[in-house]
Amino acid sequence: MNAKEPLWLCMGSACHQRGVYDILPHLQRLLCEHQLDRVIELKGSFCLGPCVNGSVLKFRETLFINITPENLRVRFTMEMLRHLKAAL
Amino acid sequence: MHDFLDIHDSSLFRHGEELCGDQVRLVQAGDRTIAILSDGLGSGVKACILATLTSQIIATMLGAEAPLDEVLSTVIGTLPMCKVREIAYATFTVVEVNQVTLEVRVINFDNPPILYLKAGHPAKLQHRVEKILDRDVIISEGRLERGDFLAALSDGVLHAGLGGAMNFGWGRDNVLKFTEQTMLHNPGSARAIVTRVLNEVNRLYHDEPGDDATIMGVYVRARKSLMVFTGPPLKEEDDRGACDKLFAFAGRRVVCGGTTTNIVGNYLGMTIEADISTMRRNLPPVGYVKDVDLLTEGILTMARTLEIMREVKGDITRLPEDRNGAVLLATELLEADYIEFLVGQSISEYYQNPLLPRNISIRVSLVKEVVEFLREVRKEVVVDYI
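Numbers given to residues run from 1 along each chain, matching the order in which its sequence is written. For naming, the first written chain is A and the first written ligand is 1, with later ones following in the order written. For a predicted model such as this one, the threshold for reporting local features is a pLDDT of at least 70, and the threshold for listing and counting side-chain atom pairs is 80 or more; totals across whole chains, interfaces and linings nevertheless cover every residue. Calculation of side-chain values draws on the structure's entire complement of heavy atoms; hydrogens and water are dropped beforehand.

(A) Representation of the domain arrangement of chain B within the structure. Residues and elements named next belong to chain B. When cut into domains, chain B gives domain 1 (4-221) and domain 2 (225-385). Once you take the C-alpha centre of each, domain 1 and domain 2 turn out to be 37 Å apart. Note on contacts: a residue pair qualifies if any of its non-hydrogen atoms lie within 4.5 Å across the two residues. In this assembly, six residues from domain 1 lie in contact with four residues from domain 2. Surface buried jointly by domain 1 and domain 2 totals about 540 Å² across both partners, of which 40% is contributed by carbon and sulfur atoms. The three residues of domain 1 that bury the most area against domain 2 are Phe4, Leu26 and Arg191, which together make up 67% of that side's buried surface. For this analysis, a salt bridge means a side-chain nitrogen from Lys or Arg found within 4 Å of a carboxyl oxygen belonging to Asp or Glu. One can count two salt bridges joining domain 1 with domain 2. Boundary definitions for the domains trace back to an automatic or database domain assignment. Defined here as a combined quantity, buried area equals the accessible surface (1.4 Å probe) lost by two parts on assembly, summed across both.

Here you go:
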């Protein structure tokens, strides 16, 4: 079996202040719901760059910005899912 | 780089007293480190004032390089004399060490003889008795070497267990033997040796010391060095040089800051992963990479590290058990004797936001506070702004 692909979750100061601690378990649950946890592994990253637009996630070369615990579910299904499915 | 002069003192208060009649002062005068232990006769307030007076006069005068006989005559002349017993009210031991040459001079006025161990075994310094103002003062001189441990004691240490666990108290030979045993276990720091011996004193007193008991230990050992690289340099072209410096540093290495971590990652050509298990609600996680002992987020972690170090008053043994960024960083800082900060002054635009809480304001001022605290707890700190 191939190694899982990383989905990077920024853990820098700014993103941390904006709720990464709460985003992490949510995100893990969403990956499971869509059976992406078999191919994608959630990993912590140091600063991904656009701090003003935290929280920031990164998959392959795509950045997802302004993610909050509140908008995560919508952003995940509407936007991130199609990128992540490339890993299947 | 020369060896480190590790000095630690600790006291037990006489049972029921709120003040200690033993006082310790440390002065740094150029290359000379002067440590003074004074024991005021009796206990409580009076003893505390006498010992404070004595140690402070000596600290001030020896620090200003006043000749020994003048210092002693000022102290002896100032101290009240007990009319019945004809003895001075505060005894003292001065240990003066040159940090570079390790030449040592011990001046003992009526305190118990010092403990001196060379390579873990009892040894002796050359000593002579001088009469100053008609009182005997014992002066010992010599040169310390790595591994030497020298300690001044107040008599409460020798009297441990008097009339209780031991008929006549613990006694100097037993104290020396116990210290020798302690040294066998490679204690690593003056704090560890002093703490173990003093714990034994307390045990012999059944946790109710009959007298103030103080040990002031001086331990010569290899210096533990640490470099902390925090914050991106002002000019990007200096990134490489900063990393060169970090990896050339002989000692432990810590990188503190997300962007700084990325700079190091680029230098090594690696993506540095954060260890999510160390994330806490108020603290981002840490990371690890080859040849760096710890990587943490910057501002939040450092602010919390400072808080924790203040809470435990710089005592590494009292740090919280939790394995998070702030505790790990505090451990690195408090473990080291010599710390070199490499501080990048470039400010992330995120921190320009006036709505942010103050504790994540500006790195430079936070680093300054950390440095100030570390110096207070006797760390040698060098700061290099880039």
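Continuing now.
(B) Quick look at the packing of helix α4 (residues 172-184) of chain B against helix α5 (residues 190-204) of chain B. Residue and element names in this part refer to chain B. Here the axes come from fitting lines to C-alpha atoms, over the contacting stretch only for helices, and the angles between their N-to-C directions go from 0 to 180 degrees. A run of H or I in DSSP counts as a helix once it spans at least four residues, and a run of E counts as a strand once it spans at least two, with each numbered from the N terminus. Look at α4 against α5: their axes get within 10 Å of each other, and the N-to-C directions meet at 135 degrees. Classified by the interaxial angle, the pair formed by α4 and α5 is oblique. α5 is crossed by α4, and the crossing has right-handed handedness. The residues of α5 that touch α4, namely those facing Val175, Phe178, Thr179, Thr182 and Met183, are Ile193, Arg196, Val197 and Glu200. Note on residue classes: Ala, Val, Leu, Ile, Met, Phe, Trp, Tyr, Cys and Pro are nonpolar, Asp, Glu, Lys and Arg are charged, and everything else, Gly too, is polar. Taken together, the residues of the contact of α4 with α5 break down into five nonpolar, two polar and two charged. Working definition: roughly parallel below 35 degrees, roughly antiparallel above 145 degrees, roughly perpendicular at 65 to 115 degrees, and oblique for all remaining angles. Handedness of a crossing follows from how the near helix is turned relative to the far one, being left-handed for an anticlockwise turn of less than a right angle and right-handed for a clockwise one.

(C) Spatial organisation of the packing of aromatic side chains. Residues and elements named next belong to chain B. Each Phe, Tyr or Trp ring, with Trp reduced to its six-membered ring, pairs with another whose centre is within 6.5 Å; inter-plane angles below 30 degrees give stacked pairs, above 60 give edge-to-face pairs, and intermediate values give tilted ones. Tallied over the entire structure, the rule returns four aromatic pairs over all chains. Taking the centre distance of 5.2 Å and the plane angle of 40 degrees together, the rings of Phe92 and Phe109 count as tilted. Of this pair, Phe92 sits in strand β4 (residues 90-98) while Phe109 is found in strand β5 (residues 103-109), placing the two residues 17 residues apart along the sequence. Whether a residue is buried, partly exposed or exposed follows from its accessible area with a 1.4 Å probe, protein chains only, as a fraction of its type maximum: under 20%, in between, or over 50%, in that order. Take Phe109: its relative accessible area is 1%, and that puts it in the buried class.

(D) Local environment of the confidence of the model for chain A. How sure the predictor is of each residue is captured by pLDDT, a score from 0 to 100. For chain A, per-residue confidence averages 88 on the pLDDT scale, and residues scoring 70 or more make up 98% of the total. Mean pLDDT values for the elements of chain A range from 85 in helix α1 (residues 13-17) of chain A up to 93 in strand β3 (residues 57-59) of chain A.

(E) The nonpolar core, seen in detail. Side-chain atoms within 4.5 Å link the members of a nonpolar core, which is a set of buried Ala, Val, Leu, Ile, Met, Phe, Trp, Tyr and Cys residues. Within the largest apolar cluster, 32 residues are counted, with the highest numbers of intra-cluster contacts made by Val228, Met309, Leu333, Ile339, Phe341, Val370 and Leu374 of chain B. Excluding residues that lie within four positions of it along the chain, Val370 of chain B makes contacts with Met302, Leu306, Met309, Leu333 and Phe341 of chain B. Core analysis: the next-biggest nonpolar cluster, separate from the first, contains 29 residues, Leu30, Leu31, Leu48 and Val56 of chain A among them.

(F) Quick look at the interface of chain A and chain B. The partner chain B presents 30 residues to the 20 residues of chain A that form the contact. The contact between chain A and chain B buries some 2,000 Å² in all, and 67% of this surface belongs to carbon and sulfur atoms. If you sort the residues of chain A by the area they bury against chain B, His16, Tyr21 and Phe46 of chain A come out on top, with a joint share of 35%. In this structure, the connection of chain A to chain B is made through two salt bridges. Definition of a polar contact: a pair of N or O atoms within 3.5 Å, with one able to donate and the other able to accept a hydrogen when the atoms are protein atoms, and with sequence-neighbouring residues admitted only if both atoms are side-chain atoms. Counting the contacts that link chain A with chain B gives eight residue pairs in polar contact (both at pLDDT 80 or more). Listed by contribution, the elements that provide at least two residues to the side of chain A that touches chain B are α1, α2 (20-33) and β2 (40-45) of chain A. By residue class, the composition of the side of chain A that touches chain B is eleven nonpolar, six polar and three charged.

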